[in-house]
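# Structure at a glance
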Amino acid sequence: DEVLPGDPEVWKTALKAEHVDKEDTQAVANSVVRHVTTTLARQAANLDDIAAYQATALSVKDQLLKRWNETTTYHTKHAPKRVYYFSIEWLMGRSLDNAVLNLDMRNTYETATQKLGFNFEDLLNEERDAALGNGGLGRLAACYIDSMATLNLPGWGYGLRYSYGIFKQLISNTGEQLEAPDPWLDRENPWEIARIDVSYPIRFYGRVESIPNTSRAIWSGGTECLAVAYDVPVPGFATKNTANLRLWASRPIQGFDLNSFNAGNYEASVQSSSDAENITRVLYPNDNMYAGKELRLKQQYLWCSASLQDILRRYQKLDLSWEQLPDYVVIQMNDTHPTISIVELMRILIDEEEVPYDVAWKITTKVFAYTNHTVLPEALEKWPLPLFENLLPRHLQLIYQINLNFLNDVAKRFPGDMDRIRRMSIIEEGTPKFVRMAHLAIVGSFKVNGVAELHSQLLQSTIFRDFVEFKGRDSFTNVTNGITPRRWLLQCNPRLAQLITDTLGSEHWLVHLKQIAQLLPMADNAQFRAAFREIKNENKTRLAEVLASELNIQVDIDSVFTCQIKRLHEYKRQTLNIFGVILRYLQIKKATPEERKKFVKHTAIFAGKAAPGYYIAKLVIRLIVNVSKIVNNDPDVGHLLRVVFIPDYSVSVAEVLVPAADVSVQISTAGTEASGTSNMKLGLNGALLLGTVDGANIEIAEDVGEENAFLFGHLAADVDAVRYANSYNPTPLAERSPELAEVFKAIEANTFGDGHIYEPLLKPIYDNDYYLVSNDFGSYLAAERLVDELWRDQEEWTKKSIRTAFSMGDFTSDRSIQDYADSIWSIEPDPVPEN
Ligand code: B1H
């Protein structure tokens, strides 16, 4: 019923000719070949895998764009309330396999490309990861947009199009992490559409003039650049709905400064233009760590301002009053990184739209919701006030006003409680002063949530306690994280997915993950166990082949594969794991040949990046690599122990590791890991949980049953007391843990190369052991003994593995997104009708 320009018959015939049937191999081949010969201007005769991948991806993108167009058109007409997910990181990984699976066209594309002379798997491997994120936070956003599309929720993602994603990790001969750039856009990105027509001006610096007798001001001068939109279509699974991820790239407003150019100063004339391009050049490589750099604040402001201008432009087409904005728009802030958007919305409403201050504040505080991802103090964003004032002078004024009103309200509620006012202020006093972004985020949001039960409770009882007392319990809630079972089971473990589908008799479980619980009784079925174990072994074999060919390490697939795959961080305690490995090594060395036969064979697998400036984290990598060199080449060890550090961990590396793991290692100091999500990926693929009582481990263990998991370590409630004792009544390490003292002695005796280089890693553990490594080492070892005992009984092990996998139904991102939609966003599914 759309009005077509020109001759409607010509249009209709043309649109029909473009249609590709899901099962039409020839039509798919046609579309791939069209891209080979036209878009890529290549000849069929000299086509390599890279070009064949590009053409295939472009053909799939055509399919996505049709659905994307239909979704956008439909939602534009329908005008439902929409959610906008603001995340400074989007760790998407590869798109081709995911897209053809979600389109239900994998077989067709596989056959079509095969008929054109290519192996589909090889083409998949030509794709570079879109690695625009550090770790869990960025991957969470990627899972969430997959679920938003799959649940037919009207929603978009907003982020930044970094020219360089997370660095490529190289490991030197001495075991050091080296960082290389990740030029992922060097080959053209077939998954994006440049929207040169969608761009917004962004101002930095400059001066502010107040308009007398109003709350308005004029912000002018400084420098301006453009944010240009790049759209990435994100298909839902088995639905036409296709979400949009809009990423902004910075560009100069004019190519160069004409005045300097005409004055003969060529260098100056291009300077400002390259300054503009630099803003979205590179992702900041810190996980759980705040870096107070001006360029990062520029990134945040460019992203938030462009996204808001975009959202408001769309809203204005509806021709409604500003007061109705919260009925149509909700913005979920992924951590505090987009908090400046609260102030930016105020600025646009007040200064540009002439909305009175109080009205603007009322509107703003109904639009934003804030997700916190960490309680670690070093990760909380606070900007030095002078830096902030220089870059965003008008925003600082508005923050002062917001803070003044807020603190007045606090003072009314708690008269005379000056200490409370000091604690809660958005501005931290001192030299210099700081702007506390978490406080601003809470004050400007209608809902604040943590990402797992324990984490949400800790937020409310510790760092945000004052705010709970002020705003009330109802403003705070929990939404436990989740992962998409499409990527993290269907795509990465197709054989297990097939077994589930065959046994359940349908694919519904992929969108109703709870249904896999129906398979729990299969744990007691010997035939099913054999099939399940066979799949695990096949996945282990595939990993073993990669390790042999890429790292030249031979592993025994009959050994227990323990996997700790995550960013390197002291609180995540890769130390516990590697110290445990060292102890095992020392015990094997000491044992007689007869005793050695009793050891359970272990393959300890590590992967993850360290922030480039994080010295201790890098030292842990060095220790792991150097231990692996000694252990893997010691003839006394034989097959009993292997240590593997897999360089350059990424989403696509995870897709190989996750299905091959027997044990999921999740051993953070209790109270420090907000949720964790690799615990969910590994659990869903049947790895048993070896973990502390922390983050989502707690809910996972509850659902899989504690008897199917290996929990250990001090509880969050006890950590403070142990920490206090460690630093104020220190006991010698040998008393806290004789086993750990033995490990440290071996390291210091140069067993793994120069012992003294590890001193900065060991000394804090000798001294005050903030992360309780020594205090938890004993119970960690006890948990490992239980792992070994169970491994000896393969039938029992497989039972627990099956129970683990099929109890993970609650940890799908579909459930998380449904929680957000119901309890925070108040939005409904709006499926595009099938025609
Ligand atoms: C998480 C971060 C994070 N929490 C600051 N916080 C960053 C903080 O660049 N920065 O400034 C980057 C990342 N990331 C992780 O979020 C938690 O540690 C995990 O426990 C959690 O599973 C994940 C997703 O919620």
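- Where an unreviewed UniProt entry is consulted, the protein chain appears under the name Alpha-1,4 glucan phosphorylase, with the organism given as Apiotrichum porosum.
- In its Function (unreviewed entry) section, UniProt records this for the protein chain: "Allosteric enzyme that catalyzes the rate-limiting step in glycogen catabolism, the phosphorolytic cleavage of glycogen to produce glucose-1-phosphate, and plays a central role in maintaining cellular and organismal glucose homeostasis."
- According to its UniProt record, the protein chain has this under Cofactor (unreviewed entry): "pyridoxal 5'-phosphate".

### Brief notes about the packing of helix α12 (residues 340-352) against helix α15 (residues 393-413)
- At a minimum axis separation of 10 Å, α12 and α15 run at an interaxial angle of 95°. Judged on the interaxial angle alone, α15 and α12 are roughly perpendicular. Residues Ile340, Val343, Met346 and Arg347 of α12 touch α15, and the partners they reach there are Arg394, His395, Leu398 and Ile399.
- Partitioned by chemical class, the residues of the contact of α12 with α15 number five nonpolar, one polar and two charged.

### Focus: the nonpolar core
- Ranked by size, the top nonpolar core spans 229 residues in total, and within it Ile145, Trp248, Cys563, Ile624 and Leu657 carry the most contacts.
- In contact with Leu657, other than residues within four places in its own chain, are Leu543, Cys563, Ile565, Ile605 and Ala607.

### Details of the sheet that holds strand β17 (residues 447-450)
- What the nine strands build is an open sheet, ordered β7-β10-β11-β4-β1-β12-β13-β17-β18; its pairing is mixed. Taken across any chain shown, the strands that pair with only one partner, and hence form the sheet edges, are β7 (193-204) and β18 (476-478). On average, adjacent strands in this sheet sit at an angle of 25° to one another, irrespective of strand direction.
- Judged from the four bridges that link them, strand β1 (residues 82-86) and strand β4 (residues 155-160) form a sheet pairing that is parallel. Counted as the bridge partner of Val83 is Gly155 from β4.
- Contacting β1, β4, β10 (223-235), β11 (242-252) and β12 (329-334), helix α7 (residues 136-150) runs over the sheet at an angle of about 135° to β11.

### Examining the site of the ligand
- Inspection of the region around the ligand gives 21 residues, with Gly136, Leu137, His373, Thr374 and Ser675 positioned closest.
- For the shell around the ligand, a count of residues per class yields seven nonpolar, 11 polar and three charged.
- Both of domain 2 (79-94 + 129-480) and domain 3 (525-800) provide at least three residues apiece to the shell around the ligand.

### Topic: the domain arrangement of the protein chain
- When cut into domains, the protein chain gives domain 1 (1-78 + 96-128), domain 2 (79-94 + 129-480) and domain 3 (525-800).
- Computed from C-alpha atoms alone, the centre-to-centre distance between domain 1 and domain 3 is 44 Å.

### Description of the UniProt feature "modified residue: N6-(pyridoxal phosphate)lysine" (unreviewed entry) in the protein chain
- Under the feature "modified residue: N6-(pyridoxal phosphate)lysine" (unreviewed entry), the UniProt entry names Lys681.
- Beyond its immediate stretch of four places on either side in the chain, Lys681 contacts Ile483, Trp488 and Val658.

### Regarding α12
- Taking 1.5 Å of rise per residue, the 13 residues of α12 would be expected to cover 18 Å, and the 17 Å separating its terminal C-alpha atoms lies within 8% of that figure.
- Judged by how many residues are buried, α12 sits mostly within the fold: 11 of 13 residues are covered.
- For α12, the complete set of buried residues consists of Ile340, Ser341, Ile342, Val343, Glu344, Leu345, Met346, Arg347, Leu349, Ile350 and Asp351.
- Taken from the residues just after α12, Glu354 is the one with a positive phi, measuring 55°.

### Some remarks on the pairing of strand β19 (residues 560-565)
- Buried residues dominate β19, accounting for six of its six residues.
- Here β19 shows no split at all, with Val560, Thr562 and Gln564 on one side and Phe561, Cys563 and Ile565 on the other all buried.
- Where β19 and strand β20 (residues 602-607) come together, six bridges link them in parallel fashion. Looking at β20, one finds that Phe561 is bridged to Thr603.
- Note: β19 against strand β22 (residues 663-666), two bridges, orientation parallel. Among the inter-strand pairings, Cys563 is bridged to a residue of β22, identified as Ser664.

### Comments concerning unusual backbone geometry
- Of note, the amide linkage connecting Thr431 to Pro432 takes the cis form, showing an omega dihedral of 0°.
- Within the secondary structure, Pro432 sits in the loop between β15 (427-428) and β16 (434-436).
- Within the chain, Asp319 stands out as a residue other than glycine whose phi angle is a positive 60°.
- Of note, Asp319 is situated in the loop between α10 (294-316) and α11 (325-328).

### Some details on helix α31 (residues 738-748)
- The complete set of buried residues in α31 reads Leu740, Val743, Phe744 and Ile747. One face of α31 carries all of its buried residues, which in axial projection span an arc of 95°.
- Of the surrounding secondary structure, the elements contacted by the buried residues of α31 are α23 (574-590), α30 (733-736), α32 (759-767) and α33 (773-791).

### Observations concerning the packing of α12 against helix α13 (residues 357-364)
- Two numbers describe how α12 lies on α13: the axes approach to 9 Å, and their chain directions differ by 140°. As summarised for this structure, α12 and α13 are arranged oblique, according to the angle between their axes. Helix-helix and strand crossings are classified by hand; for α12 and α13 the assignment is right-handed. Two secondary-structure elements touch here, α12 through Ile342, Leu345, Met346, Leu349 and Ile350 and α13 through Tyr357, Ala360, Trp361, Ile363 and Thr364.
- Class assignment for the residues of the contact of α12 with α13 results in nine nonpolar, one polar and no charged.

### Here's the deal with the pairing of β12
- Buried residues dominate β12, accounting for six of its six residues.
- Both faces of β12 are covered, namely the face carrying Val329, Ile331 and Met333 and the face carrying Val330, Gln332 and Asn334.
- Inspection of the sheet shows β1 paired to β12 by five bridges, in the parallel sense. Among the inter-strand pairings, Phe86 is bridged to a residue of β12, identified as Met333.
- Here β12 runs beside strand β13 (residues 368-371); their pairing, made up of four bridges, is parallel. What sits directly across from Met333, in β13, is Tyr370.

Rules and cut-offs
- Residues numbered from 1 in each chain as written.
- Predicted model: local features only at pLDDT ≥ 70, side-chain atom pairs only at ≥ 80, totals over all residues.
- UniProt positions renumbered as here; feature names shortened; annotations may be inferred.
- Axes fitted to C-alpha atoms, helices over the stretch in contact; angles between N-to-C directions.
- Helix = DSSP H or I, 4+ residues; strand = E, 2+ residues; numbered from the N terminus.
- Parallel < 35°, antiparallel > 145°, perpendicular 65-115°, else oblique.
- Contact = placed C-beta atoms within 7 Å.
- Nonpolar A, V, L, I, M, F, W, Y, C, P; charged D, E, K, R; others polar.
- Core = buried A, V, L, I, M, F, W, Y, C linked by C-beta atoms within 7 Å.
- Buried ≥ 20, exposed ≤ 12 C-beta atoms within 10 Å, placed from the backbone.
- Pairing = 2+ DSSP bridges.
- Near = placed C-beta within 6 Å.
- Domains from an automatic or database assignment.
- Expected span 1.5 Å × (residues − 1).
- Arc of directions from axis to C-beta.
- Left-handed = near helix turned anticlockwise from the far one by under 90°.

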